[in-house]
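Descriptive analysis of the structure
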Amino acid sequence: MFLPRFPQQAALAFLSSHLSTYFTPSLWLLVSLDRITNTHSMPMPQPPNQESKEQEEATPLVFDASVLRHQLHIPTQFIWPDEEKANLDVPQLLVPFIDLRGFLSGDPIAAMEASRLVGEACQKHGFFLVLNHGIDRQLISDAHLFMDHFFELPLSQKQRAQRKTGEHCGYASSFTGRFSSKLPWKETLSFQYSADKNSPNLVKDYLRNKMGEEFEQFGKVYQDYCEAMSNLSLGIMELLGMSLGVGKAYFREFFEGNSSIMRLNYYPPCQKPDLTLGTGPHCDPTSLTILHQDQVGGLQVFVDNEWHSISPDFNAFVVNIGDTFMALSNGRYKSCLHRAVVNSKTTRKSLAFFLCPRSDKVVSPPCELVDNLSPRLYPDFTWPMLLEFTQKHYRADMKTLETFANWLQRKSN
Ligand SMILES: C=C1C[C@]23C[C@@]1(O)CC[C@H]2[C@@]12CCC[C@@](C)(C(=O)O1)[C@H]2[C@@H]3C(=O)O
Ligand SMILES: O=C(O)CCC(=O)C(=O)O
Ligand SMILES: [Fe+2]
């Protein structure tokens, strides 16, 4: 159900998010509030008529999964055009499983082999999996468990951390405030992480301040998780540096003190998964993404003109190159289009750590990667400049850096 902000319906929206705690799903089905408001009669499933469609399109929306899941028809704003619609049955992507055990224990031969595999995958599509990464299993399980606690809260409580217009952190139920079509079927909670020694508790403090004292433990889990992700990404930066022939210290040092973004993606079941998308096609504008998906599956990557899936594996992290690293490698390594599909039965969760350089770092490739045969592809920039661009221009193709470069050029004229 959509919760338009007309006075009478706003009251119902409020009621719905509060009463959901006490009403069982079967009761909800009987007391379908929108049907009562629109027709003053008990619900009879019907296709949306023109009038209700127009009303739906004209009013701001709230994505409340606890209510939406009982709707027979999903709102048009979530229906993707035919050429972009999800295909749930796609071939698997061949991605290397990179065993980090030897590298992490200091074995130089294992490090060479791991960097070779990483380099190969990054030239093809920029996706690979890491195993034996050294991250505590309990920490990963806790990070998933605390996601359930958060997203199962009534909407009004999650909205304590509401993402505001122009900001990229906080709680967002879909992108209802930002876009009016092709909306993703998901809720997210995003926050900033800093590896700077002067901000040791950024995540913990942010979550406690937004959500209240009782979220102390919640904050601690994600503070620890981000720290673990930051360390793992610095290790991967060593492998990337070796594979590009600039030495293992180069990118590691570049990302020390990183100022990154953590995002919890929560995809409720959708009654029409073939019409919707959990996350629309995009390239990550950030540097490196380390993703942990639960056992449900839904991540797809566009390679060789076709969507491919990456199956979930609790023991593995999915790593992908983002646009910022593509620029740092002077285009040698690919930032690849990907998306997430949803399903009709099970909620899906993923934890995404987006590595970003400290805000004052200039993104410029090392001189070893620039010569007559490989001239500079992108201008110098800082991460906050690219972030400003992606917040103002939604992109669903692989040309973000080119369009960003033109935008920078126009801005400087
Ligand atoms: C649809 C989008 C949301 C996003 C920007 C983008 O155009 C593509 C990726 C998304 C992402 C992922 C990492 C964090 C984030 C802030 C970013 O820079 O790129 C988000 C953007 C967002 O949520 O606004
Ligand atoms: O949930 C997923 O599998 C992918 C999410 C994603 O691509 C993102 O958050 O940028
Ligand atoms: Fe992504």
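Only a predicted model underlies this, so the values are computations on that prediction, with no experimental measurement involved. (Residues numbered from 1 in each chain as written. Chains lettered and ligands numbered in written order. Predicted model: local features only at pLDDT ≥ 70, side-chain atom pairs only at ≥ 80, totals over all residues. Heavy atoms only, no water.)

Observations regarding the pairing of strand β2 (residues 127–131)
Let me state the cut-off plainly: Exposure categories follow from relative accessible area, calculated using a 1.4 Å probe and restricted to protein chains: below 20% of the type maximum is buried, above 50% is exposed, and the middle band is partly exposed. Helix numbers and strand numbers start at the N terminus; a helix is a DSSP run of H or I with at least 4 residues, a strand a run of E with at least 2. Pairing between strands is defined by DSSP: at least two bridges between the two strands are required.
A large share of β2 lies buried, amounting to 4 of its 5 residues. Strand direction decides the pairing type here: strand β1 (residues 97–99) and β2, joined by 3 bridges, are parallel. Residue pairing for β2: Ile 98 is matched across the bridge by Val 130. One ladder, built from 4 bridges, connects β2 with strand β10 (residues 317–321); its direction is antiparallel. Of the residues in β10, the one forming a bridge with Phe 128 is Val 319.

A word on the coordination of the iron ion (ligand 3)
Applicable threshold: Because no water is among the atoms considered, metal sites can look incomplete, with donors defined as N, O and S atoms within 2.8 Å of the metal, or 3.2 Å for Na, K and Ca.
Bound to the iron ion (ligand 3) on the protein side are His 282 (NE2), Asp 284 (OD) and His 338 (NE2), at distances that span 2.1 to 2.2 Å. Summarised as a motif, the one-chain spacing of the donors to the iron ion (ligand 3) is H-x1-D-x53-H. Of the two residues, Asp 284 is situated in the loop between β6 (279–282) and β7 (288–293) and His 338 in strand β11 (residues 338–340); the sequence distance between them amounts to 54 residues. Here the two residues Asp 284 and His 338 agree in accessibility, since each one is buried.

Some thoughts on the pattern of salt bridges
Note the following rule: A side-chain nitrogen of Lys or Arg and a carboxyl oxygen of Asp or Glu constitute a salt bridge if their distance falls within 4 Å.
Summed over all chains, the structure comprises 17 salt bridges. Taking the shortest distance from any N to any O, the salt bridge between Lys 158 and Glu 187 comes out at 2.8 Å. Placement of the pair is Lys 158 in helix α9 (residues 155–158) and Glu 187 in strand β4 (residues 187–194), with a sequence separation of 29 residues. There is no split in this pair, since Lys 158 and Glu 187 are both buried. Each of Lys 204, Asp 205, Arg 208 and Glu 216 takes part in salt bridges that share partners, so that together they form one network.

Quick word on helix α10 (residues 202–211)
Which entries qualify depends on this criterion: For this quantity, the arc is that covered by the directions from the helix axis to the C-beta atoms. Note on definitions: a residue-residue contact is assigned when non-hydrogen atoms from the two residues lie within 4.5 Å.
Every buried residue of α10 is accounted for by Val 203, Lys 204, Leu 207 and Met 211. Each buried residue of α10 lies within a common arc of 100° when the element is viewed along its axis, so the set occupies one face. Buried positions along α10 lie against α8 (137–151), α9, β4 and α11 (216–243). Just downstream of α10, Gly 212 is the residue with a positive phi angle, here 110°.

Some remarks on the confidence of the model for the protein
To be explicit about the condition: What pLDDT reports is the predictor's confidence in each residue, on a scale of 0 through 100.
Scored by pLDDT, the protein comes out at a mean of 86, with 85% of its residues at no less than 70. For residues 1–57, every residue scores under 50 in pLDDT, and the model assigns this stretch 74 contacts once sequence neighbours within four places are set aside. Complex prediction metrics read pTM 0.87 and ipTM 0.98.

Topic: the site of ligand 2
We apply this condition: Nearness is defined per residue: one heavy atom within 4 Å of the molecule or strand is enough. Polar contacts, as counted here, are pairs of nitrogen or oxygen atoms within 3.5 Å of one another; within protein the pair requires one atom able to donate a hydrogen and one able to accept it, and residues that are adjacent in sequence qualify only if both atoms are side-chain atoms. By the convention adopted, Pro, Cys, Tyr, Trp, Phe, Met, Ile, Leu, Val and Ala count as nonpolar, Lys, Arg, Asp and Glu as charged, and the other residues, Gly among them, as polar.
Around ligand 2, the neighbouring residues are Asn 265, Tyr 267, His 282, Asp 284, Leu 291, Leu 299, His 338, Ala 340, Arg 348, Ser 350 and Phe 354. The contact in question runs from an oxygen atom of ligand 2 to an N or O atom on the side chain of Asp 284, over 3.2 Å. One of the side-chain N or O atoms of Arg 348 is found 2.8 Å from an oxygen atom in ligand 2. Listed by contribution, the elements that provide at least two residues to the shell around ligand 2 are β5 (259–267), β11 and β12 (348–355). Partitioned by chemical class, the residues of the shell around ligand 2 number 5 nonpolar, 4 polar and 2 charged.

Side note on the nonpolar core
Generally speaking, nonpolar side chains in soluble globular proteins are found buried as a group. Test applied: Here the nonpolar core consists of buried residues drawn from Ala, Val, Leu, Ile, Met, Phe, Trp, Tyr and Cys, with membership extended through side-chain atoms lying within 4.5 Å.
In this structure, Leu 189, Tyr 222, Leu 240 and Phe 325 are the most contacted members of the largest nonpolar core, which totals 93 residues. Ranked by the residues each element gives to this core, the list is headed by α11, at 13 residues. Core analysis: the next-biggest nonpolar cluster, separate from the first, contains 13 residues, Leu 61, Leu 68, Ala 340 and Val 342 among them.

Structural notes on the packing of α8 against α11
Note the following rule: Axis geometry follows a simple rule: fit a line to the C-alpha atoms, using only the stretch in contact for helices, then measure angles between N-to-C directions, giving values from 0 to 180 degrees. Here roughly perpendicular refers to angles of 65 to 115 degrees, roughly parallel to angles under 35, roughly antiparallel to angles over 145, and oblique to all remaining angles. Note on convention: near helix rotated counterclockwise from far helix by under a right angle means a left-handed crossing. Clockwise means right-handed.
Interaxial distance between α8 and α11 falls to 10 Å at its minimum, and their mutual angle equals 135°. By the criterion of interaxial angle, the relationship of α8 to α11 is oblique. Every pair of crossing elements has a handedness; the one defined by α8 and α11 is left-handed. Touching Leu 139, Ile 140, Asp 142, Ala 143, Phe 146, Met 147 and Phe 150 of α8 are Gln 217, Phe 218, Val 221, Tyr 222, Asp 224, Tyr 225 and Ala 228, all from α11. Here the contact of α8 with α11 is composed, by residue class, of 11 nonpolar, 1 polar and 2 charged.

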